Amino acid sequence: MTTLYRHEPFTDFSQKENQEAFKKALKTVNKEWLGKEYPLIINGERITTDAKIVSYNPAKKDEVIGSVSKATKELAEKAIEAAATAFETWRYTKAEERANILFRAAASIRRKKHEFSALLVKEAGKPWKEADADTAEAIDFLEYYARQMIELSNGKPINSREGEYNQYIYTPTGVTVSIPPWNFLFAIMAGITVAPLVSGNTVVLKPASATPIIAARFVEVLEEAGVPKGVINFVPGSGSEVGDTLVDHPKTSIITFTGSREVGTRIFERAAVVQPGQQHLKQVIAEMGGKDTIIVDKDGDVELAAQSIFTSAFGFAGQKCSAGSRAVVHADVYDAVVERVVEITEEQITGNPESHSTYMGPVIDAASYEKIMGYIEIGKEEGRLVSGGTGDDSKGFFIQPTIFADVDAEAKIMQEEIFGPVLAFSKVASFDEALQVANNTEYGLTGAVITNNRAHIERAKQEFHVGNLYFNRNCTGAIVGYHPFGGFKMSGTDSKAGGPDYLTLHMNAKTVSETY
Ligand code: NDP
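Residues numbered from 1 in each chain as written. Predicted model: local features only at pLDDT ≥ 70, side-chain atom pairs only at ≥ 80, totals over all residues. Heavy atoms only, no water.

> Residue-level account of the pairing of strand β8 (residues 202-205), with values.
The two faces of a sheet get side chains in turn, since along a regular strand they alternate between them. Judged by which residues are buried, β8 turns out to be covered on both faces: Thr202 and Val204 on one side and Val203 and Leu205 on the other are all buried. With helix α6 (residues 187-198) bridging strand β7 (residues 175-179) and its parallel neighbour β8, the resulting β-α-β unit is right-handed. Strand direction decides the pairing type here: β8 and strand β9 (residues 232-234), joined by three bridges, are parallel. In the strand pairing of β9, Leu205 is matched with Phe234. (Buried < 20%, exposed > 50% of the residue type's maximum accessible area, 1.4 Å probe, protein only. Helix = DSSP H or I, 4+ residues; strand = E, 2+ residues; numbered from the N terminus. Right-handed = clockwise from strand over helix to strand, strands pointing away. Pairing = 2+ DSSP bridges.)

Dropping the structure here:
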């Protein structure tokens, strides 16, 4: 009998003892975790290659976090074959046995929670609070999916007639290729690995090349918790070099991907092709980009609006698919909201996230830095720069939180995913216009409305087309089991990670009918 699921509490860093504990964890990670080399793992075998992927600290760009061996196409194929062989036994293990492995892994991470979070500070440049939330979410995925699997293990009730006993059960699908992004380097990586595992599938995990070390550590946790060899295979490699091999392989059954629209659509298309020897259609679970909007209605609370816009735009330097990079504000409160957001933003510190006082750290790498600075230049043409606008990549990839006002709803910075600390304000004359602007991108991931108007709340529920819609709060910070997460339109397949239907996407439903 398992206890009721509750999300992992966040650490209160205003408490001195928590600050001290986190500083200690940072010391441990700096001294004992950094600079190590990790091999590939295929069928339990450690394989070291000459070619390596090196992970660097984006806040101190010369500091090496660690390195991993790098898969070739042949090794990627070998991993799929190993996963296919292991599937023949893993698929028949009891759901509770699989779930127990996840519970043990969660307990193991909890014991070193701050060390894991400190690693996220170092590997992705996450400030303490963001790193703590990422680790908590990883634990949540383990705890939540384990319970979901136990619940689903007897299937769902269907009707039986006289002389007939009918059952509706879920059976595992097959080899799953898990391809996570670097931004939720722990939570999403762990979530898209353990959901297929606990559902009875075997996994080939290809971590994001910017953040492979946390993934290597997590695979160690899974092995210690009892995942048998071949059931989890760890295959770091460049997406552009081994991605197609993993996706195209005829023995791949599921591809679970989170990342950009460009790569997601490529995977979707390639997975549709039936390869020689393939006896099934592949399932693609794709969560992609976002261009998320906060609407402020004319009677919305200005302070609440400003805090919500600020948090949504600049948490983890705007590098969240859910980041609120567009604020669409009614003319009656527009000036007050813009002014207050600028004020709050300029009180915050951008710098090395190892320091507790840092609100915003660096962006992930040189390519991101260049891309975001390019959008800032575009923004200067498209709007009125009211805050930030500068960057410094001499030590790490730091960009000041940047705000543009008076931006046209069709402007590039209102339409394209920037994935950095850049916020655009657009003024509207009515709630109708606000909804129209909110829906005017190809994405449909998250959104928020700040309003006290009940009729407008009801309208937005129907007419604001996003997978995750929030009222009177920020549009980031979904919690597993509380805010199942995933988007519409080009934001993905709306698979709702951390929700009650998620595991069923990894299984084949089977109807069994016995006549007596
Ligand atoms: P990318 O699409 O660049 O990379 C994601 C993953 O895909 C990486 O592991 C990458 O490997 C891999 N990859 C790259 N090319 C291929 C290929 N041809 N075939 C298979 N795999 C490939 O995204 P980012 O990591 O830059 O993440 C940022 C994006 O993720 C943003 O667009 C963001 O909105 C989105 N995202 C969406 C979320 C959602 O839930 N909707 C949540 C979080 C992020 P490698 O690193 O080796 O290139």
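> Describe the nonpolar core, and please don't skip the residues or the numbers.
The biggest cluster of nonpolar side chains holds 80 residues, and the ones touching the most others in it are Tyr145, Phe186, Phe218 and Leu503. The element best represented in this core is helix α5 (residues 128-152), accounting for eleven residues. Leu503 has contacts with Tyr145, Gln148, Met149, Leu152, Ala195, Val198 and Ser199, leaving out every residue within four places of it along the chain. (Core = buried A, V, L, I, M, F, W, Y, C linked by side-chain atoms within 4.5 Å. Contact = heavy atoms within 4.5 Å.)

> With reference to specific residues and values, describe helix α1 (residues 16-33).
For α1, spanning 18 residues, the distance from its first C-alpha to its last is 25 Å, which sits close to the expected 26 Å at 1.5 Å a residue. Buried residues of α1: Asn18, Gln19, Phe22, Ala25, Leu26, Val29 and Trp33, and no others. Buried residues of α1 fall within an arc of 120 degrees about the axis and therefore sit on the same side. More than 90 degrees from the buried face of α1, the exposed residues found are Lys16, Glu17, Lys24, Lys27 and Lys31. At its buried positions, α1 is contacted by β1 (36-38), β5 (60-69), α4 (113-124), α5 and α7 (212-225). Positioned one or two residues after α1, Gly35 has a phi angle of 80 degrees, which is positive. (Expected span 1.5 Å × (residues − 1). Arc of directions from axis to C-beta.)

> A description of the sheet that holds strand β18 (residues 422-428) should follow, citing residues and the corresponding values.
Strand order in the open sheet formed by seven strands is β14-β17-β18-β13-β12-β20-β21, with mixed pairing between adjacent strands. Edge positions in the sheet fall to β14 (384-387) and β21 (468-471), since each of these pairs with one other strand and no more. In this sheet, adjacent strand axes meet at a mean angle of 20 degrees when their direction is disregarded. Where strand β12 (residues 292-296) meets strand β20 (residues 446-450), four bridges bridge the pair, whose relative direction is parallel. Pairing of Thr293 across the sheet is with Gly447, part of β20. (Axes fitted to C-alpha atoms, helices over the stretch in contact; angles between N-to-C directions.)

> Please provide a residue-by-residue account of the packing of α4 against α5, values included.
As a packed pair, α4 and α5 sit with axes 8 Å apart at the nearest point and diverge in direction by 125 degrees. When the interaxial angle is binned, α4 and α5 end up oblique. Here α4 and α5 pass one another in a crossing that is right-handed. On α5, the residues that touch Lys113, His114, Phe116, Ser117, Leu120 and Val121 of α4 are Trp128, Ala131, Asp132, Asp134, Thr135 and Ile139. (Parallel < 35°, antiparallel > 145°, perpendicular 65-115°, else oblique. Left-handed = near helix turned anticlockwise from the far one by under 90°.)

> Go over the packing of aromatic side chains, please, and point to the residues and values.
Counted by the stated rule, this structure contains 18 aromatic pairs. Measuring from centroid to centroid gives 4.7 Å for Phe22 and Trp128, while their planes differ by 40 degrees, and the two rings are tilted. With a gap of 106 residues between them, Phe22 in helix α1 and Trp128 in helix α5 connect regions that are remote in the sequence. The exposure class of Trp128 is buried, given its relative accessible area of 3%. In this structure an aromatic cluster arises from ring pairing among Tyr5, Phe141, Tyr144, Tyr145, Tyr482 and Tyr502. Over the ring of Trp33 we find Arg217; its NZ or CZ atom is 3.9 Å from the centre of that ring. The aromatic ring of Tyr470 is capped on one face by Arg473, whose charged end is 4.0 Å from the ring centroid. (Phe/Tyr/Trp six-rings, centres within 6.5 Å; stacked < 30°, edge-to-face > 60°. Lys NZ or Arg CZ within 6 Å of the ring centre and 35° of its normal.)

> Summarise the site of the ligand; cite the residues concerned and give the values.
As a structural note, the neighbourhood of the ligand is formed by 32 residues, with Ser209, Ser260, Met288, Cys321 and Glu417 the closest of them. The side chain of Ser260 places a nitrogen or oxygen atom 2.6 Å from an oxygen atom of the ligand. In isolation the ligand offers 910 Å² of accessible surface; the protein chains occlude 87% of this area. Ranked by the residues each element gives to the shell around the ligand, the list is headed by helix α8 (residues 239-248), at four residues. Looking at the shell around the ligand, its residues break down into 15 nonpolar, twelve polar and five charged. (Near = heavy atom within 4 Å. Polar contact = N/O pair within 3.5 Å; in protein donor to acceptor, adjacent residues only side chain to side chain. Areas by Shrake-Rupley, 256 points an atom, 1.4 Å probe, with all protein chains shown as cover. Nonpolar A, V, L, I, M, F, W, Y, C, P; charged D, E, K, R; others polar.)

> A description of the packing of α8 against helix α9 (residues 261-271) should follow, citing residues and the corresponding values.
In contact at an axis separation of 9 Å, α8 and α9 are set at 35 degrees when each is read in the N-to-C sense. Of the two elements, α8 crosses α9, and the hand of that crossing is right-handed. Contacts from Asp244, Val247 and Asp248 in α8 reach Arg266, Ile267, Arg270 and Ala271 in α9. For the contact of α8 with α9, the class distribution of residues is three nonpolar, no polar and four charged.

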